[in-house]
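Okay, here's what each chain looks like letter by letter:
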Amino acid sequence: MAAPASAPADSRSRQAVRDVVFVDGVRTPFGKAGSKGQYAQTRADDMVVKVIRELLRRHPELPAERIDEVAIAATTQIGDQGLTIGRTAALLAGLPKSVPGFAIDRMCAGAMTAVTTVSSGIAFGAYDVVIAGGVEHMGNHPMGEGADPNPRFVSDKIVDPSALVMGSTAENLHDRYPSLTKERTDAYAALSQQRYDEAQRAGKIAPDLVPVSTHSDEGWGLATTDEPPRPGTTVESLSGLKTPFRPHGRVTPGNAAGLNDGATGALLADAETAEELGLPVGMRLVGYAFAGVEPEVMGVGPVPATEKALKRAGLTIDDIGLFEINEAFAVQVLAFLEHFGIADDDPRVNPWGGAIACGHPLASSGVRLMTQLSRHFEEHPEVRYGITTMCIGIGMGGTVIWENPNYNAGGEQ
């Protein structure tokens, strides 16, 4: 019998954990799902190709062959979002055939999970440079298309039946937190629209958008702006909208994100490789956490995920100077803010508006949050830490903590 291979004589011979940096992020303009949306005749994988090519165009200092992995998330992994889209999109984008890729799914937190997964690989030394992102073409593939939930979920009372309808989970959250009234959610939604409109007018949104050629029955076009925003939205204009998930409910199309199409992508690297190649550093990864909650109130997921991430990082909520919170539903954001004692209109939260305004193409949204946070860091050297956080279907939350490389230790947060 052969003797077992000997382990390293000293654990110090193993490679130390490396610093992970967010280099850059881009996205397509987000579209409205459906036959009249700007991407109605555009393939999901072609949108991913656009973001990959744009990342390489913006960073000619990065040789394509130095990319070690392409991780792309999609919630509904069929059709033009199937076939291991990380690999197929990499090939379609013209990356060397030596560059591998994979697909990943954690529903709304798909792109977030793509980033955290490959970041772990970078920290461990398996990768040096990675592209991570997500795509969702909800016009081609409505959420849940092709899914076959096990009947035991309901028959064995594993979850409440409402857990499988995201809008119903938002209504449940209103029930659980009576202080989160419809008036508060409408006010928050109007503020999101206002902040997005102000940011867009100030030229803060467009630089991160990659134009996408589109086709419709009228001919060829070019998508250059987000379709979902509704400038001029007021609390009064939201007050009379229907509540599709419950008679006399509180969740409306106005205080929730819509059904959208879009793709995102980000470059991540270890700090030494970024320095070697001359890649800019937008943020440094501090830590992350995912947590489960009752599926019927999935919107509260960011609360335990954030508490978990902060504890592991040795930080408190008072250390966080900027928040990018995905706005699947206004009530979900307000539940987070109320738990941590943050005002509904705190300027640190979603300074450029959020998904209620610009859209939420499910698996792609996590990288949009990260890209915007990195831009906020550029404008706020007085802030050291920020978080990106989101609720996740079937009862989860995810939070990533980032450090500002522009932090001025002599300033005040």
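Going along each chain's sequence as written, the residues are numbered from 1 onward. pLDDT decides what is reported in this predicted model: residues at 70 or higher carry local features, side-chain atom pairs at 80 or more are listed and counted, and totals for whole chains, interfaces and linings draw on all residues regardless. Here the side-chain values reflect all heavy atoms present in the structure, with hydrogen atoms and water set aside.

Novice: Sorry if this is basic, but what is going on with the packing of aromatic side chains here?
Specialist: To describe a pair of aromatic rings, one takes the distance between the centres and the angle between the planes. Two aromatic rings, drawn from Phe, Tyr or Trp (for Trp, its six-membered ring), form a pair once their centres lie within 6.5 Å of each other, and the interplanar angle then sorts them: stacked below 30 degrees, edge-to-face above 60, tilted otherwise. Using the criterion set out here, one finds four aromatic pairs in the structure. With centroids separated by 6.2 Å and ring planes inclined at 65 degrees, the aromatic side chains of tyrosine 288 and phenylalanine 290 adopt a geometry described as edge-to-face. The class of phenylalanine 290 is buried, set by a relative accessible area of 15%. Arranged with centres 6.3 Å apart and planes meeting at 70 degrees, the rings of phenylalanine 323 and phenylalanine 336 form a pair that is edge-to-face. Highlighted residues: phenylalanine 323 in strand β10 (residues 320-325) and phenylalanine 336 in helix α10 (residues 330-339), separated in sequence by 13 residues. Taken as a pair, phenylalanine 323 and phenylalanine 336 share a single burial class, namely buried. Counting every residue linked through ring pairs, the aromatic cluster contains Phe323, Phe336 and Phe340. Over a ring means this: the NZ of a Lys or the CZ of an Arg is within 6 Å of the ring centre and within 35 degrees of the ring normal. One Lys or Arg, arginine 27, reaches over the ring of phenylalanine 30 and ends 4.4 Å from the middle of that ring. Here arginine 106 stacks its cationic end above the ring of phenylalanine 290, 3.7 Å away from the centre of that ring. Relative accessibility decides the category of a residue: with a 1.4 Å probe and only protein chains considered, values under 20% of the type maximum give buried, values over 50% give exposed, and everything between is partly exposed. A run of H or I in DSSP becomes a helix once it reaches four residues, and a run of E becomes a strand once it reaches two; helices and strands are each numbered from the N terminus.

Novice: Where do I start with the state of the cysteines in this structure?
Specialist: Working definition: the covalent bond between the sulfur atoms of two cysteines is a disulfide. In plain terms, two cysteine sulfur atoms within 2.5 Å form what is called a disulfide here. Applying the stated criterion to the full structure yields zero disulfides. Not engaged in a disulfide, the cysteine cysteine 358 finds its nearest cysteine sulfur in cysteine 108; these two sulfurs lie 13 Å apart. For the unlinked cysteine cysteine 391, the closest cysteine sulfur is that of cysteine 108, found at 6.1 Å.

Novice: For this particular structure, what's the right way to read the pairing of β10?
Specialist: Regular strands place their side chains on alternate faces of the sheet. Where burial is concerned, most of β10 is hidden: six out of the six residues are buried. By this definition, two strands are paired if DSSP reports at least two bridges between them. By the bridge criterion, five bridges tie β10 to strand β11 (residues 385-392) in an arrangement that is parallel. Along β11, the bridge assignment pairs phenylalanine 323 with isoleucine 387.

Novice: Whenever I open this one, the pattern of salt bridges confuses me. Can you help?
Specialist: Should their charged atoms come close, side chains of opposite charge can pair. Any carboxyl oxygen of Asp or Glu within 4 Å of a side-chain nitrogen of Lys or Arg constitutes a salt bridge here. Throughout the structure, instances matching the rule amount to 24 salt bridges. Among the ionic pairs, arginine 375 bridges to aspartate 24, the shortest N-O distance being 2.7 Å. Linking arginine 375 in helix α12 (residues 365-379) with aspartate 24 in strand β1 (residues 20-27), this pair joins segments that are 351 residues apart in sequence. Under the relative-accessibility criterion, aspartate 24 is labelled buried at 7%. Salt-bridge contacts for arginine 384 lead to glutamate 403; the nearest nitrogen and oxygen are separated by 2.8 Å.

Novice: Explain the environment of alanine 363 to me, please; I cannot follow it from the model alone.
Specialist: Tracing the chain through its elements places alanine 363 in the loop between α11 (355-358) and α12. Residue classification places alanine 363 among the buried positions, given a relative accessible area of 0%.

Novice: I would appreciate a short explanation of the nonpolar core in the present structure.
Specialist: It is characteristic of soluble globular proteins that their nonpolar side chains tend to be buried jointly. Membership of the largest hydrophobic core comes to 40 residues, with the highest contact counts inside it found for Phe323, Phe329, Phe336 and Leu337. Among the elements of the structure, α5 (166-176), α6 (182-201), α9 (302-313), β10, α10 and β11 are those that each provide at least two residues to this core. In terms of residue count, α10 provides more of this core than any other element does, seven residues in total. Contacts are residue-level and defined by heavy atoms, with any inter-residue pair within 4.5 Å sufficient. Not counting chain neighbours up to four residues away, the residues in contact with phenylalanine 336 comprise Pro302, Val303, Thr306, Phe323, Ile325, Ile387 and Thr389. Grouped together as the second largest cluster of nonpolar side chains are 37 residues, Ile104, Met112, Ala114 and Phe290 included. We define the nonpolar core as a collection of buried residues of types Ala, Val, Leu, Ile, Met, Phe, Trp, Tyr and Cys that are connected through side-chain atoms lying within 4.5 Å of one another.

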